[in-house]
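# Commentary on secondary and tertiary structure
Chain residues, written in single-letter form:
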Amino acid sequence: MLESLHVKNFAVVKEADVEFKEGLNILTGETGAGKSVLLGSASLCLGGKASKDIIRSGEEYAFCEMGFSVDAGEAVVLEKEDIYPEDGKIYLSRRISGGKSISKINGETVPVSVLRKIAPLLINVHGQHDNAALLVKQNHKKLLDENMGKEGKDALDAYREAFKYYDRTLKELEEGSQDKESRKREISFLEFEVNEIEKAKLKKGEDTELEEAFRLMSMSQEIKESLAGAYRYLDETSDIYGRAFRDIEDAKKKDDSIQDIYDEMQEADDLLSTLMRSISGKMDELEYSEEELRTTEMRLNEINTLKGKYGRSMEDIFAALDEKKSRLEKLYSFEEWKNTLENEVKEAKKDAMEKAKKLSSERKKAAQKLSKKISANMAELNFARSDFEIRVEDGGQMSPDGTDDVSIYLSTNVGEEPRPIEKCASGGELSRIMLAVKCSVKSSDASSMIFDEIDTGISGKTAQKVAEKLLGLSLESQVICITHLPQIAAKANRHFLIEKKVENGETVSDIKPLDEEGMIDELSRMIGGEDVTEAVRMSAREMRG
(Lines give C-alpha, C1' and ligand atoms only; values in the text may rest on other atoms or scores of the structure.)
Protein backbone atom coordinates (compact mmCIF):
# COMPACT_ATOMS: atom_id res chain seq x y z
CA MET A 1 0.00 0.00 0.00
CA LEU A 2 1.20 3.51 -0.79
CA GLU A 3 1.72 5.29 2.53
CA SER A 4 3.50 8.51 1.58
CA LEU A 5 4.39 10.78 -1.30
CA HIS A 6 7.00 13.52 -0.90
CA VAL A 7 7.48 16.01 -3.73
CA LYS A 8 9.89 18.95 -3.94
CA ASN A 9 10.48 21.55 -6.68
CA PHE A 10 8.17 19.78 -9.12
CA ALA A 11 6.57 22.34 -11.52
CA VAL A 12 4.10 24.41 -9.44
CA VAL A 13 4.64 22.24 -6.36
CA LYS A 14 7.36 23.73 -4.18
CA GLU A 15 7.15 21.04 -1.50
CA ALA A 16 4.40 18.65 -0.49
CA ASP A 17 4.01 15.68 1.82
CA VAL A 18 0.98 13.43 1.51
CA GLU A 19 0.13 10.52 3.79
CA PHE A 20 -2.33 8.12 2.22
CA LYS A 21 -4.53 5.62 4.05
CA GLU A 22 -6.39 2.43 3.23
CA GLY A 23 -9.63 2.63 1.25
CA LEU A 24 -10.61 5.46 -1.10
CA ASN A 25 -8.24 8.46 -1.15
CA ILE A 26 -9.61 11.42 -3.11
CA LEU A 27 -7.71 14.45 -4.45
CA THR A 28 -9.70 17.49 -5.59
CA GLY A 29 -9.05 21.11 -6.46
CA GLU A 30 -9.76 23.67 -9.13
CA THR A 31 -8.43 23.22 -12.65
CA GLY A 32 -4.73 24.08 -12.79
CA ALA A 33 -4.21 23.71 -9.04
CA GLY A 34 -1.60 21.01 -9.54
CA LYS A 35 -3.52 17.75 -9.04
CA SER A 36 -2.06 16.02 -12.07
CA VAL A 37 1.38 17.42 -11.27
CA LEU A 38 1.38 15.41 -8.05
CA LEU A 39 0.51 12.21 -9.86
CA GLY A 40 3.02 13.11 -12.56
CA SER A 41 5.70 13.14 -9.89
CA ALA A 42 4.48 9.71 -8.74
CA SER A 43 4.80 8.38 -12.30
CA LEU A 44 8.33 9.79 -12.44
CA CYS A 45 9.16 8.03 -9.18
CA LEU A 46 7.95 4.78 -10.72
CA GLY A 47 10.37 5.09 -13.65
CA GLY A 48 8.56 7.44 -16.01
CA LYS A 49 10.39 9.64 -18.50
CA ALA A 50 12.22 12.58 -16.95
CA SER A 51 12.75 16.04 -18.38
CA LYS A 52 14.58 19.03 -16.91
CA ASP A 53 11.44 21.06 -17.77
CA ILE A 54 9.70 19.53 -14.76
CA ILE A 55 12.08 21.32 -12.38
CA ARG A 56 10.42 24.29 -10.71
CA SER A 57 11.56 27.65 -12.13
CA GLY A 58 14.58 28.98 -10.25
CA GLU A 59 15.44 25.63 -8.62
CA GLU A 60 18.37 23.31 -9.38
CA TYR A 61 16.60 19.98 -8.97
CA ALA A 62 13.28 18.18 -8.59
CA PHE A 63 12.79 15.31 -6.14
CA CYS A 64 10.07 12.81 -5.38
CA GLU A 65 9.83 9.84 -3.03
CA MET A 66 7.12 7.21 -2.54
CA GLY A 67 6.91 5.05 0.57
CA PHE A 68 5.12 1.68 0.47
CA SER A 69 4.25 -0.87 3.11
CA VAL A 70 4.38 -4.44 1.80
CA ASP A 71 2.93 -7.64 3.20
CA ALA A 72 4.71 -11.00 3.34
CA GLY A 73 3.39 -12.12 -0.06
CA GLU A 74 4.52 -8.93 -1.79
CA ALA A 75 7.91 -9.17 -0.06
CA VAL A 76 8.46 -12.64 -1.55
CA VAL A 77 7.70 -11.36 -5.06
CA LEU A 78 10.01 -8.37 -4.60
CA GLU A 79 12.83 -10.54 -3.28
CA LYS A 80 12.72 -12.51 -6.54
CA GLU A 81 13.76 -9.22 -8.16
CA ASP A 82 16.57 -8.77 -5.58
CA ILE A 83 14.62 -6.03 -3.79
CA TYR A 84 14.47 -6.52 -0.02
CA PRO A 85 12.01 -4.52 2.11
CA GLU A 86 13.33 -3.03 5.33
CA ASP A 87 10.91 -3.51 8.24
CA GLY A 88 8.14 -4.11 5.71
CA LYS A 89 8.80 -0.83 3.86
CA ILE A 90 9.99 0.08 0.38
CA TYR A 91 11.01 3.62 -0.56
CA LEU A 92 11.41 4.64 -4.21
CA SER A 93 12.97 8.01 -5.03
CA ARG A 94 14.03 9.98 -8.08
CA ARG A 95 16.10 13.16 -8.29
CA ILE A 96 16.29 15.16 -11.54
CA SER A 97 19.06 17.73 -11.91
CA GLY A 98 20.51 19.31 -15.05
CA GLY A 99 19.12 16.59 -17.29
CA LYS A 100 20.54 13.86 -15.04
CA SER A 101 18.46 11.37 -13.10
CA ILE A 102 19.35 9.46 -9.93
CA SER A 103 17.04 6.62 -8.89
CA LYS A 104 17.12 4.89 -5.52
CA ILE A 105 15.37 2.05 -3.70
CA ASN A 106 15.69 2.20 0.09
CA GLY A 107 18.58 4.63 -0.34
CA GLU A 108 20.56 2.42 -2.73
CA THR A 109 21.17 3.78 -6.24
CA VAL A 110 19.63 1.63 -9.00
CA PRO A 111 19.06 1.98 -12.78
CA VAL A 112 15.70 3.55 -13.63
CA SER A 113 14.84 0.28 -15.42
CA VAL A 114 14.65 -1.38 -11.99
CA LEU A 115 12.02 1.16 -10.89
CA ARG A 116 10.00 0.40 -14.00
CA LYS A 117 10.29 -3.34 -13.37
CA ILE A 118 9.06 -3.35 -9.77
CA ALA A 119 6.49 -0.52 -10.10
CA PRO A 120 3.65 -2.85 -11.29
CA LEU A 121 4.29 -5.03 -8.24
CA LEU A 122 3.55 -2.10 -5.93
CA ILE A 123 1.00 0.15 -7.62
CA ASN A 124 -1.08 0.47 -10.79
CA VAL A 125 -1.31 3.97 -12.26
CA HIS A 126 -4.23 4.55 -14.60
CA GLY A 127 -4.37 7.76 -16.63
CA GLN A 128 -5.79 9.04 -19.88
CA HIS A 129 -3.19 7.16 -21.97
CA ASP A 130 -4.53 3.86 -20.61
CA ASN A 131 -7.95 4.65 -22.11
CA ALA A 132 -6.30 5.16 -25.47
CA ALA A 133 -4.45 1.85 -25.02
CA LEU A 134 -7.83 0.07 -25.24
CA LEU A 135 -8.12 1.34 -28.79
CA VAL A 136 -4.81 -0.23 -29.84
CA LYS A 137 -5.50 -3.72 -31.17
CA GLN A 138 -2.05 -5.04 -30.23
CA ASN A 139 -2.98 -4.55 -26.56
CA HIS A 140 -6.08 -6.73 -26.72
CA LYS A 141 -4.16 -10.01 -26.80
CA LYS A 142 -1.94 -8.79 -23.96
CA LEU A 143 -5.00 -7.97 -21.83
CA LEU A 144 -6.43 -11.44 -22.42
CA ASP A 145 -3.16 -13.32 -21.86
CA GLU A 146 -2.45 -11.50 -18.60
CA ASN A 147 -5.82 -12.62 -17.26
CA MET A 148 -5.92 -16.27 -18.28
CA GLY A 149 -5.91 -18.92 -15.57
CA LYS A 150 -3.00 -21.23 -14.81
CA GLU A 151 -3.90 -23.68 -17.61
CA GLY A 152 -4.00 -20.86 -20.12
CA LYS A 153 -0.66 -19.41 -19.02
CA ASP A 154 0.90 -22.89 -19.04
CA ALA A 155 -0.42 -23.39 -22.58
CA LEU A 156 1.09 -20.05 -23.63
CA ASP A 157 4.48 -20.95 -22.13
CA ALA A 158 4.40 -24.38 -23.79
CA TYR A 159 3.56 -22.86 -27.17
CA ARG A 160 6.30 -20.24 -26.91
CA GLU A 161 8.90 -22.94 -26.20
CA ALA A 162 7.66 -25.04 -29.13
CA PHE A 163 7.62 -22.04 -31.49
CA LYS A 164 11.11 -21.02 -30.41
CA TYR A 165 12.42 -24.50 -31.27
CA TYR A 166 10.56 -24.54 -34.60
CA ASP A 167 11.82 -21.08 -35.53
CA ARG A 168 15.42 -21.97 -34.62
CA THR A 169 15.30 -25.25 -36.57
CA LEU A 170 13.75 -23.56 -39.61
CA LYS A 171 16.43 -20.87 -39.66
CA GLU A 172 19.13 -23.54 -39.43
CA LEU A 173 17.62 -25.30 -42.43
CA GLU A 174 17.33 -22.07 -44.44
CA GLU A 175 20.88 -21.04 -43.64
CA GLY A 176 22.21 -24.50 -44.49
CA SER A 177 20.32 -24.95 -47.76
CA GLN A 178 22.94 -23.41 -50.05
CA ASP A 179 23.91 -24.34 -53.58
CA LYS A 180 26.55 -26.98 -54.39
CA GLU A 181 29.34 -24.51 -55.21
CA SER A 182 28.73 -22.58 -51.97
CA ARG A 183 28.93 -25.82 -50.00
CA LYS A 184 32.20 -26.72 -51.71
CA ARG A 185 33.69 -23.35 -50.80
CA GLU A 186 32.50 -23.65 -47.20
CA ILE A 187 33.87 -27.21 -46.90
CA SER A 188 37.23 -26.10 -48.26
CA PHE A 189 37.42 -23.17 -45.84
CA LEU A 190 36.32 -25.25 -42.84
CA GLU A 191 38.85 -27.98 -43.69
CA PHE A 192 41.60 -25.36 -43.77
CA GLU A 193 40.55 -23.98 -40.37
CA VAL A 194 40.25 -27.42 -38.74
CA ASN A 195 43.65 -28.43 -40.14
CA GLU A 196 45.20 -25.17 -38.93
CA ILE A 197 43.98 -25.73 -35.36
CA GLU A 198 44.78 -29.47 -35.23
CA LYS A 199 48.22 -28.94 -36.73
CA ALA A 200 49.09 -26.66 -33.81
CA LYS A 201 48.55 -29.61 -31.38
CA LEU A 202 47.45 -27.32 -28.59
CA LYS A 203 47.41 -28.45 -24.97
CA LYS A 204 45.21 -27.06 -22.24
CA GLY A 205 47.05 -24.51 -20.13
CA GLU A 206 49.98 -24.42 -22.54
CA ASP A 207 49.64 -20.70 -23.22
CA THR A 208 49.86 -19.82 -19.53
CA GLU A 209 52.99 -21.93 -19.05
CA LEU A 210 54.63 -20.45 -22.13
CA GLU A 211 53.82 -16.88 -21.13
CA GLU A 212 55.44 -17.40 -17.73
CA ALA A 213 58.49 -19.10 -19.27
CA PHE A 214 58.87 -16.30 -21.84
CA ARG A 215 58.59 -13.68 -19.12
CA LEU A 216 61.36 -15.35 -17.11
CA MET A 217 63.56 -15.79 -20.16
CA SER A 218 63.10 -12.17 -21.21
CA MET A 219 64.00 -10.97 -17.74
CA SER A 220 66.63 -13.62 -16.95
CA GLN A 221 69.61 -11.33 -17.58
CA GLU A 222 68.25 -8.66 -15.25
CA ILE A 223 67.42 -11.29 -12.62
CA LYS A 224 70.88 -12.86 -12.92
CA GLU A 225 72.54 -9.48 -12.49
CA SER A 226 70.53 -8.85 -9.33
CA LEU A 227 71.34 -12.32 -7.97
CA ALA A 228 75.03 -11.91 -8.86
CA GLY A 229 75.14 -8.63 -6.95
CA ALA A 230 73.57 -10.29 -3.93
CA TYR A 231 76.02 -13.21 -4.20
CA ARG A 232 78.99 -10.80 -4.41
CA TYR A 233 77.92 -8.93 -1.27
CA LEU A 234 77.34 -12.20 0.59
CA ASP A 235 80.77 -13.48 -0.54
CA GLU A 236 82.42 -10.36 0.85
CA THR A 237 80.39 -10.79 4.02
CA SER A 238 81.56 -14.42 4.18
CA ASP A 239 85.22 -13.34 4.34
CA ILE A 240 84.53 -10.86 7.11
CA TYR A 241 82.36 -13.41 8.88
CA GLY A 242 85.18 -16.00 8.64
CA ARG A 243 87.59 -13.68 10.41
CA ALA A 244 85.01 -12.96 13.12
CA PHE A 245 84.38 -16.69 13.50
CA ARG A 246 88.11 -17.43 14.01
CA ASP A 247 88.27 -14.72 16.69
CA ILE A 248 85.32 -16.28 18.53
CA GLU A 249 87.00 -19.70 18.21
CA ASP A 250 90.17 -18.37 19.86
CA ALA A 251 88.12 -16.81 22.66
CA LYS A 252 86.28 -20.13 23.24
CA LYS A 253 89.58 -21.91 23.79
CA LYS A 254 90.28 -19.54 26.67
CA ASP A 255 86.70 -19.40 28.10
CA ASP A 256 84.26 -22.32 27.90
CA SER A 257 81.30 -20.01 28.58
CA ILE A 258 81.63 -18.67 25.03
CA GLN A 259 80.60 -22.07 23.65
CA ASP A 260 76.98 -20.90 23.07
CA ILE A 261 78.15 -17.92 21.03
CA TYR A 262 80.46 -20.20 19.06
CA ASP A 263 77.57 -22.58 18.29
CA GLU A 264 75.37 -19.71 17.09
CA MET A 265 78.21 -18.46 14.88
CA GLN A 266 78.56 -21.95 13.44
CA GLU A 267 74.84 -22.12 12.61
CA ALA A 268 74.96 -18.69 11.01
CA ASP A 269 77.98 -19.77 8.93
CA ASP A 270 76.13 -22.87 7.71
CA LEU A 271 73.04 -20.75 6.89
CA LEU A 272 75.15 -18.27 4.92
CA SER A 273 76.78 -21.07 2.95
CA THR A 274 73.38 -22.62 2.17
CA LEU A 275 72.00 -19.25 1.00
CA MET A 276 74.95 -18.68 -1.32
CA ARG A 277 74.57 -22.16 -2.81
CA SER A 278 70.82 -21.48 -3.43
CA ILE A 279 71.60 -18.20 -5.22
CA SER A 280 74.25 -19.89 -7.30
CA GLY A 281 71.89 -22.71 -8.24
CA LYS A 282 69.16 -20.26 -9.26
CA MET A 283 71.64 -18.39 -11.44
CA ASP A 284 72.48 -21.67 -13.20
CA GLU A 285 68.74 -22.31 -13.81
CA LEU A 286 68.44 -18.92 -15.53
CA GLU A 287 70.92 -19.90 -18.20
CA TYR A 288 68.74 -19.84 -21.33
CA SER A 289 69.96 -20.10 -24.86
CA GLU A 290 68.82 -17.70 -27.58
CA GLU A 291 67.27 -20.67 -29.35
CA GLU A 292 65.09 -21.52 -26.32
CA LEU A 293 63.87 -17.93 -26.17
CA ARG A 294 63.14 -17.82 -29.89
CA THR A 295 61.33 -21.19 -29.86
CA THR A 296 59.13 -20.12 -26.94
CA GLU A 297 58.34 -16.79 -28.60
CA MET A 298 57.39 -18.46 -31.89
CA ARG A 299 55.09 -20.92 -30.14
CA LEU A 300 53.41 -18.09 -28.25
CA ASN A 301 52.94 -16.15 -31.50
CA GLU A 302 51.36 -19.22 -33.09
CA ILE A 303 48.90 -19.63 -30.22
CA ASN A 304 48.08 -15.90 -30.13
CA THR A 305 47.42 -15.93 -33.88
CA LEU A 306 44.89 -18.72 -33.36
CA LYS A 307 43.33 -16.77 -30.50
CA GLY A 308 43.00 -13.77 -32.79
CA LYS A 309 41.08 -15.88 -35.31
CA TYR A 310 39.05 -18.25 -33.14
CA GLY A 311 38.60 -16.71 -29.69
CA ARG A 312 40.26 -15.01 -26.76
CA SER A 313 41.24 -18.17 -24.91
CA MET A 314 42.38 -21.73 -25.51
CA GLU A 315 38.90 -22.89 -24.48
CA ASP A 316 37.41 -20.71 -27.24
CA ILE A 317 39.74 -22.29 -29.80
CA PHE A 318 38.80 -25.84 -28.72
CA ALA A 319 35.09 -24.89 -28.84
CA ALA A 320 35.53 -23.41 -32.34
CA LEU A 321 37.25 -26.63 -33.45
CA ASP A 322 34.36 -28.78 -32.23
CA GLU A 323 31.84 -26.48 -33.92
CA LYS A 324 33.66 -26.54 -37.24
CA LYS A 325 34.04 -30.32 -37.16
CA SER A 326 30.33 -30.66 -36.47
CA ARG A 327 29.51 -28.36 -39.37
CA LEU A 328 31.82 -30.32 -41.67
CA GLU A 329 30.14 -33.59 -40.78
CA LYS A 330 26.80 -32.07 -41.78
CA LEU A 331 28.20 -30.75 -45.06
CA TYR A 332 29.93 -34.06 -45.91
CA SER A 333 26.56 -35.81 -45.58
CA PHE A 334 24.51 -32.82 -46.70
CA GLU A 335 21.53 -34.61 -48.22
CA GLU A 336 21.15 -36.87 -45.20
CA TRP A 337 21.52 -33.88 -42.84
CA LYS A 338 19.05 -31.83 -44.86
CA ASN A 339 16.46 -34.63 -44.87
CA THR A 340 16.87 -35.09 -41.13
CA LEU A 341 16.50 -31.38 -40.50
CA GLU A 342 13.49 -31.11 -42.80
CA ASN A 343 11.83 -33.85 -40.78
CA GLU A 344 12.73 -32.03 -37.58
CA VAL A 345 11.18 -28.83 -38.95
CA LYS A 346 7.99 -30.70 -39.89
CA GLU A 347 7.75 -32.31 -36.47
CA ALA A 348 8.55 -29.01 -34.73
CA LYS A 349 5.87 -27.21 -36.74
CA LYS A 350 3.35 -29.96 -36.04
CA ASP A 351 4.12 -29.78 -32.32
CA ALA A 352 3.88 -25.97 -32.30
CA MET A 353 0.55 -26.06 -34.17
CA GLU A 354 -0.89 -28.57 -31.71
CA LYS A 355 0.16 -26.36 -28.81
CA ALA A 356 -1.24 -23.33 -30.67
CA LYS A 357 -4.62 -25.08 -30.86
CA LYS A 358 -4.48 -25.81 -27.14
CA LEU A 359 -3.56 -22.17 -26.46
CA SER A 360 -6.39 -20.97 -28.71
CA SER A 361 -8.86 -23.14 -26.84
CA GLU A 362 -7.70 -21.75 -23.49
CA ARG A 363 -7.84 -18.20 -24.82
CA LYS A 364 -11.42 -18.67 -26.00
CA LYS A 365 -12.48 -19.98 -22.59
CA ALA A 366 -10.69 -17.12 -20.84
CA ALA A 367 -12.15 -14.58 -23.31
CA GLN A 368 -15.67 -15.77 -22.61
CA LYS A 369 -15.22 -15.50 -18.82
CA LEU A 370 -13.49 -12.13 -18.96
CA SER A 371 -16.03 -10.72 -21.42
CA LYS A 372 -18.89 -11.66 -19.06
CA LYS A 373 -17.07 -10.14 -16.09
CA ILE A 374 -16.39 -6.86 -17.85
CA SER A 375 -19.92 -6.69 -19.28
CA ALA A 376 -21.33 -7.19 -15.77
CA ASN A 377 -19.13 -4.43 -14.38
CA MET A 378 -20.10 -2.16 -17.27
CA ALA A 379 -23.75 -2.70 -16.42
CA GLU A 380 -23.01 -1.49 -12.90
CA LEU A 381 -21.41 1.60 -14.44
CA ASN A 382 -24.65 2.60 -16.22
CA PHE A 383 -24.00 0.67 -19.45
CA ALA A 384 -27.41 -0.94 -19.08
CA ARG A 385 -27.47 -2.47 -22.56
CA SER A 386 -23.82 -3.04 -23.26
CA ASP A 387 -22.05 -6.00 -24.78
CA PHE A 388 -18.28 -6.27 -24.27
CA GLU A 389 -16.82 -9.12 -26.28
CA ILE A 390 -13.24 -10.37 -26.62
CA ARG A 391 -13.05 -12.32 -29.86
CA VAL A 392 -10.38 -14.95 -30.52
CA GLU A 393 -10.11 -15.83 -34.23
CA ASP A 394 -7.62 -17.70 -36.41
CA GLY A 395 -4.94 -15.27 -37.58
CA GLY A 396 -3.75 -17.60 -40.32
CA GLN A 397 -0.08 -17.98 -39.36
CA MET A 398 2.16 -18.69 -36.40
CA SER A 399 3.82 -15.91 -34.45
CA PRO A 400 5.75 -15.93 -31.16
CA ASP A 401 2.39 -15.59 -29.32
CA GLY A 402 0.34 -18.13 -31.24
CA THR A 403 -1.92 -18.15 -34.27
CA ASP A 404 -4.77 -16.14 -32.76
CA ASP A 405 -6.07 -12.75 -33.73
CA VAL A 406 -7.57 -11.14 -30.58
CA SER A 407 -9.91 -8.15 -30.83
CA ILE A 408 -12.27 -6.30 -28.50
CA TYR A 409 -15.77 -5.69 -29.84
CA LEU A 410 -18.32 -3.41 -28.22
CA SER A 411 -22.00 -2.61 -28.43
CA THR A 412 -23.63 -0.01 -26.14
CA ASN A 413 -27.09 0.11 -27.69
CA VAL A 414 -29.92 -2.42 -28.00
CA GLY A 415 -30.05 -4.12 -31.39
CA GLU A 416 -26.66 -2.79 -32.38
CA GLU A 417 -24.14 -5.35 -33.61
CA PRO A 418 -20.84 -5.29 -31.71
CA ARG A 419 -18.14 -3.40 -33.58
CA PRO A 420 -14.38 -3.02 -33.00
CA ILE A 421 -13.97 -0.86 -29.89
CA GLU A 422 -11.75 1.63 -31.69
CA LYS A 423 -14.63 2.43 -34.06
CA CYS A 424 -17.43 2.99 -31.58
CA ALA A 425 -16.30 4.05 -28.05
CA SER A 426 -16.45 7.71 -27.04
CA GLY A 427 -14.00 9.34 -24.61
CA GLY A 428 -16.45 9.26 -21.70
CA GLU A 429 -17.34 5.64 -22.40
CA LEU A 430 -13.67 4.67 -22.53
CA SER A 431 -13.08 5.93 -18.99
CA ARG A 432 -15.91 3.79 -17.65
CA ILE A 433 -14.93 0.79 -19.78
CA MET A 434 -11.39 0.99 -18.43
CA LEU A 435 -12.75 1.13 -14.87
CA ALA A 436 -14.86 -1.94 -15.63
CA VAL A 437 -11.76 -3.68 -16.96
CA LYS A 438 -9.74 -2.73 -13.88
CA CYS A 439 -12.46 -4.03 -11.59
CA SER A 440 -12.66 -7.27 -13.56
CA VAL A 441 -8.93 -8.01 -13.53
CA LYS A 442 -8.15 -6.63 -10.06
CA SER A 443 -6.73 -9.92 -8.83
CA SER A 444 -3.74 -9.57 -11.16
CA ASP A 445 -2.96 -5.97 -10.20
CA ALA A 446 -0.89 -4.41 -7.41
CA SER A 447 -2.45 -3.70 -4.01
CA SER A 448 -2.69 0.06 -4.72
CA MET A 449 -4.34 1.78 -7.69
CA ILE A 450 -4.23 5.39 -8.89
CA PHE A 451 -6.95 6.77 -11.16
CA ASP A 452 -6.35 10.11 -12.84
CA GLU A 453 -9.39 11.72 -14.51
CA ILE A 454 -11.49 8.52 -14.42
CA ASP A 455 -14.58 10.76 -14.50
CA THR A 456 -13.88 12.26 -17.92
CA GLY A 457 -17.10 12.92 -19.85
CA ILE A 458 -19.56 11.59 -17.25
CA SER A 459 -22.09 13.16 -14.87
CA GLY A 460 -25.37 12.57 -13.05
CA LYS A 461 -26.46 8.97 -12.52
CA THR A 462 -23.42 7.60 -14.33
CA ALA A 463 -21.12 9.53 -11.98
CA GLN A 464 -22.93 7.97 -9.02
CA LYS A 465 -22.41 4.51 -10.49
CA VAL A 466 -18.70 5.17 -11.00
CA ALA A 467 -18.44 6.44 -7.42
CA GLU A 468 -20.03 3.27 -6.07
CA LYS A 469 -17.76 1.10 -8.18
CA LEU A 470 -14.62 2.92 -6.95
CA LEU A 471 -15.81 2.58 -3.38
CA GLY A 472 -16.38 -1.15 -3.88
CA LEU A 473 -12.93 -1.48 -5.40
CA SER A 474 -11.40 0.32 -2.42
CA LEU A 475 -12.77 -2.35 -0.08
CA GLU A 476 -10.32 -4.80 -1.65
CA SER A 477 -7.36 -2.49 -2.18
CA GLN A 478 -6.20 1.07 -1.76
CA VAL A 479 -7.58 3.46 -4.38
CA ILE A 480 -6.23 6.95 -5.01
CA CYS A 481 -8.34 9.06 -7.34
CA ILE A 482 -8.22 12.58 -8.80
CA THR A 483 -11.75 13.75 -9.57
CA HIS A 484 -13.86 16.78 -10.46
CA LEU A 485 -17.14 15.12 -9.50
CA PRO A 486 -18.75 15.57 -6.06
CA GLN A 487 -20.49 12.17 -6.37
CA ILE A 488 -17.06 10.47 -6.36
CA ALA A 489 -15.44 12.81 -3.82
CA ALA A 490 -18.30 12.18 -1.38
CA LYS A 491 -17.27 8.52 -1.05
CA ALA A 492 -13.77 9.38 0.22
CA ASN A 493 -12.26 7.72 3.26
CA ARG A 494 -9.55 10.39 3.09
CA HIS A 495 -9.87 13.62 1.12
CA PHE A 496 -7.04 15.96 0.07
CA LEU A 497 -7.55 19.49 -1.25
CA ILE A 498 -5.02 20.92 -3.68
CA GLU A 499 -4.96 24.71 -3.94
CA LYS A 500 -2.86 27.16 -5.91
CA LYS A 501 -1.77 30.33 -4.11
CA VAL A 502 0.86 33.07 -4.22
CA GLU A 503 3.63 33.16 -1.59
CA ASN A 504 6.41 35.76 -1.66
CA GLY A 505 5.65 36.57 -5.27
CA GLU A 506 5.69 32.89 -6.32
CA THR A 507 2.83 30.66 -7.43
CA VAL A 508 2.80 27.42 -5.44
CA SER A 509 0.44 24.48 -5.00
CA ASP A 510 -0.48 23.39 -1.50
CA ILE A 511 -2.04 20.08 -0.49
CA LYS A 512 -3.77 19.39 2.78
CA PRO A 513 -5.95 16.62 4.24
CA LEU A 514 -9.50 17.62 5.09
CA ASP A 515 -11.48 16.80 8.20
CA GLU A 516 -15.20 16.09 7.95
CA GLU A 517 -16.19 19.78 7.92
CA GLY A 518 -13.49 20.52 5.39
CA MET A 519 -14.85 17.76 3.18
CA ILE A 520 -18.31 19.29 3.40
CA ASP A 521 -16.86 22.67 2.42
CA GLU A 522 -15.05 21.20 -0.58
CA LEU A 523 -18.07 19.18 -1.69
CA SER A 524 -20.17 22.35 -1.45
CA ARG A 525 -17.69 24.17 -3.69
CA MET A 526 -17.76 21.31 -6.19
CA ILE A 527 -21.57 21.35 -6.25
CA GLY A 528 -22.30 25.08 -6.16
CA GLY A 529 -19.08 26.72 -7.31
CA GLU A 530 -18.60 30.18 -5.79
CA ASP A 531 -22.27 30.43 -4.78
CA VAL A 532 -22.36 28.11 -1.73
CA THR A 533 -25.74 28.35 -0.01
CA GLU A 534 -27.02 26.48 3.02
CA ALA A 535 -29.05 24.33 0.67
CA VAL A 536 -25.88 23.39 -1.17
CA ARG A 537 -24.18 22.51 2.13
CA MET A 538 -27.15 20.35 3.09
CA SER A 539 -26.82 18.53 -0.25
CA ALA A 540 -23.12 18.00 0.47
CA ARG A 541 -23.92 16.52 3.90
CA GLU A 542 -26.50 14.21 2.35
CA MET A 543 -23.97 13.02 -0.22
CA ARG A 544 -21.55 12.20 2.59
CA GLY A 545 -24.32 10.18 4.22
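Residues numbered from 1 in each chain as written. Predicted model: local features only at pLDDT ≥ 70, side-chain atom pairs only at ≥ 80, totals over all residues. Heavy atoms only, no water.

### Thoughts on the sheet that holds strand β3 (residues 24-28)
Read across the sheet, 6 strands follow the order β8-β12-β13-β3-β14-β15 without closing on themselves; strand pairing throughout is mixed. The open sheet is flanked by β8 (124-126) and β15 (506-513), the only strands paired with a single partner. Pairs of neighbouring strands in the sheet enclose a mean axial angle of 15°, with direction left out of account. In this fold helix α14 (residues 460-474) packs onto β3, β12 (448-452) and β13 (478-482), with an angle of close to 145° to the strand it touches most, β13. (Pairing = 2+ DSSP bridges. Helix = DSSP H or I, 4+ residues; strand = E, 2+ residues; numbered from the N terminus. Axes fitted to C-alpha atoms, helices over the stretch in contact; angles between N-to-C directions. Contact = heavy atoms within 4.5 Å.)

### Re the pairing of strand β6 (residues 100-105)
Relative to β6, strand β5 (residues 89-97) runs antiparallel, the two sharing 6 bridges. Its bridge partner being in β6, Leu92 is matched across the sheet by Ile105. Linkage of β5 to β6, two consecutive antiparallel strands, is achieved through a turn of 2 residues, within which Gly98 is found at a positive phi near 55°. Pairing between β6 and strand β7 (residues 108-110): 3 bridges, direction antiparallel. Within β7, the position partnered with Ile105 by the bridge is Glu108. Taking the residues that link successive antiparallel strands as the turn, the β6-β7 hairpin has 2 residues, and the phi of Asn106 there is positive, at about 50°.

### Structural notes on the packing of aromatic side chains
Aromatic ring pairs: the centre-centre distance and the angle between the two ring planes describe each pair. Taken as a whole and assessed by the stated rule, the structure comprises 4 aromatic pairs. Measuring from ring centre to ring centre gives 6.3 Å for Phe163 and Tyr166, while their planes differ by 55°; the resulting arrangement is tilted. Remark: Tyr166 and Phe163 occur in helix α6 (residues 150-176); sequence separation between them is 3 residues, near one turn of the helix. The exposure class of Phe163 is buried, given its relative accessible area of 11%. The structure contains a cluster of three or more aromatic residues connected by ring pairs, namely Tyr159, Phe163 and Tyr166. Over the face of the ring belonging to Tyr233 we find Arg232, whose NZ or CZ atom lies 5.7 Å from the ring centre. (Phe/Tyr/Trp six-rings, centres within 6.5 Å; stacked < 30°, edge-to-face > 60°. Buried < 20%, exposed > 50% of the residue type's maximum accessible area, 1.4 Å probe, protein only. Lys NZ or Arg CZ within 6 Å of the ring centre and 35° of its normal.)

### Notes on the pattern of salt bridges
What the rule picks out here adds up to 29 salt bridges. Its salt-bridge partner being Arg363, residue Asp145 comes within 2.8 Å of it at the nearest N-O pair. Here Arg363 lies in helix α12 (residues 334-380) and Asp145 lies in helix α5 (residues 138-146), a separation of 218 residues in the sequence. Side by side, Asp145 and Arg363 carry an identical accessibility label, which is buried. Across the pair Glu362 and Lys365 runs a salt bridge, and its minimum N-O distance is 3.2 Å. A residue pair is termed a helical-turn pair when its members lie 3 or 4 positions apart in one helix, as Glu362 and Lys365 do in helix α12 at 3 residues. The buried category is assigned to Glu362, whose relative accessible area is 7%. Connected via shared salt-bridge partners are Glu517, Asp521, Arg537 and Arg541. (Salt bridge = Lys/Arg side-chain N within 4 Å of Asp/Glu carboxyl O.)

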